[in-house]
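A structural walkthrough
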Amino acid sequence: AAATAPPVGEASASSSSSGGGLAPGSRARLELLAVTRAADLLGDGSIMLRVLDPGPSPGGGAKPRDLAEVSASWRVWFLRNGEEVMNTGQRCSFVMDEAKLMVALELAIKDMEAGSRAAVRIAEAWGSGPLTPQGISGGGPVLRGAAVWAEITLHEVQNELAAGEHGTVEQALDFA
């Protein structure tokens, strides 16, 4: 079988920079090392999520819905200097959508599957709010407009039954 070369592109310089680089008219070869998919959760680049580990059953883990009970752990760093802001150190169990955790973290968790691990980049516009599910009064760090990185592991998801998922008519009526 014939070996195929890795994707290679060429770039041309349009101007010279004082810090070195390409001279005008010169060419350089670029080699693509890796391509990974990232999800732009809001469509404006302010919350970017990249799955690092899809978990034991990629595509088969439950995704949190509204008011799901989840168990997750995460670490958060400032984007500007890499300084760690906080680390849960262990699993935190909480109910989604109770307005206690930073909205950007909740949006990222809702886009993940149980058992997965992801990296999230949060822009300053969304980098506000508590970093623990105990909320503002819980004593954990609260950010005010900080660009951060977060590494999140979603351990477990327990969704409430949705319409049509109830076993009996009585359960459906109780739900309504």
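Here the structure is shown first, and the text comes after it.
Residues numbered from 1 in each chain as written. Predicted model: local features only at pLDDT ≥ 70, side-chain atom pairs only at ≥ 80, totals over all residues. Heavy atoms only, no water.

Given two aromatic rings, one states the distance between the centres and the angle between the planes to describe the pair. Evaluated as defined, the whole model comprises one aromatic pair. Here the aromatic rings of tryptophan 74 and phenylalanine 94 are separated by 6.0 Å at their centres, their planes lie at 80°, and the arrangement is edge-to-face. Of the two residues, tryptophan 74 is situated in strand β5 (residues 69-78) and phenylalanine 94 in strand β7 (residues 92-95); the sequence distance between them amounts to 20 residues. Taken as a pair, tryptophan 74 and phenylalanine 94 share a single burial class, namely buried. Taking NZ or CZ as reference, arginine 80 lies 4.6 Å from the ring centre of phenylalanine 78, over its face. (Phe/Tyr/Trp six-rings, centres within 6.5 Å; stacked < 30°, edge-to-face > 60°. Helix = DSSP H or I, 4+ residues; strand = E, 2+ residues; numbered from the N terminus. Buried < 20%, exposed > 50% of the residue type's maximum accessible area, 1.4 Å probe, protein only. Lys NZ or Arg CZ within 6 Å of the ring centre and 35° of its normal.)

On the secondary structure map, serine 73 appears in strand β5. Judged by its relative accessible area of 15%, serine 73 is buried. Between the C-alpha atom of serine 73 and that of threonine 132, which follows or precedes it by 59 residues, the distance is 9.8 Å. At 2.9 Å, the side chain of serine 73 forms a polar contact with the side chain of histidine 155. (Polar contact = N/O pair within 3.5 Å; in protein donor to acceptor, adjacent residues only side chain to side chain.)

A few words now on the pattern of salt bridges. A pair can form between side chains of opposite charge whenever their charged atoms are brought close. The tally for this structure, following the rule as stated, stands at six salt bridges. In this structure, glutamate 156 engages arginine 91 in a salt bridge whose closest nitrogen and oxygen atoms are separated by 3.0 Å. Remark: arginine 91 occurs in the loop between β6 (84-87) and β7 and glutamate 156 occurs in strand β11 (residues 148-158); sequence separation between them is 65 residues. Classification of glutamate 156 by relative accessible area gives partly exposed; the value is 47%. What makes arginine 91 partly exposed here is its relative accessible area of 47%. A salt bridge links lysine 110 to aspartate 97; its shortest N-O distance comes to 2.9 Å. Taken together, the residues span a long stretch of sequence, with lysine 110 in helix α1 (residues 103-110) and aspartate 97 in the loop between β7 and α1 at a distance of 13 residues. On the basis of relative accessible area, aspartate 97 is assigned to the partly exposed category, the value being 34%. Among the charged side chains, a salt-bridge network with shared partners connects Asp66, Asp97 and Lys110. (Salt bridge = Lys/Arg side-chain N within 4 Å of Asp/Glu carboxyl O.)

What follows deals with the pairing of β5. Within β5, eight of the ten residues are buried, which leaves it mostly tucked inside the rest of the structure. By the bridge criterion, four bridges tie β5 to β7 in an arrangement that is antiparallel. Of the residues in β7, the one forming a bridge with valine 70 is phenylalanine 94. Two strands pair when backbone bridges link them, and β5 and β6 are joined in this way by three bridges, in the antiparallel orientation. Considered in β6, the bridge of arginine 75 is made with asparagine 87. (Pairing = 2+ DSSP bridges.)

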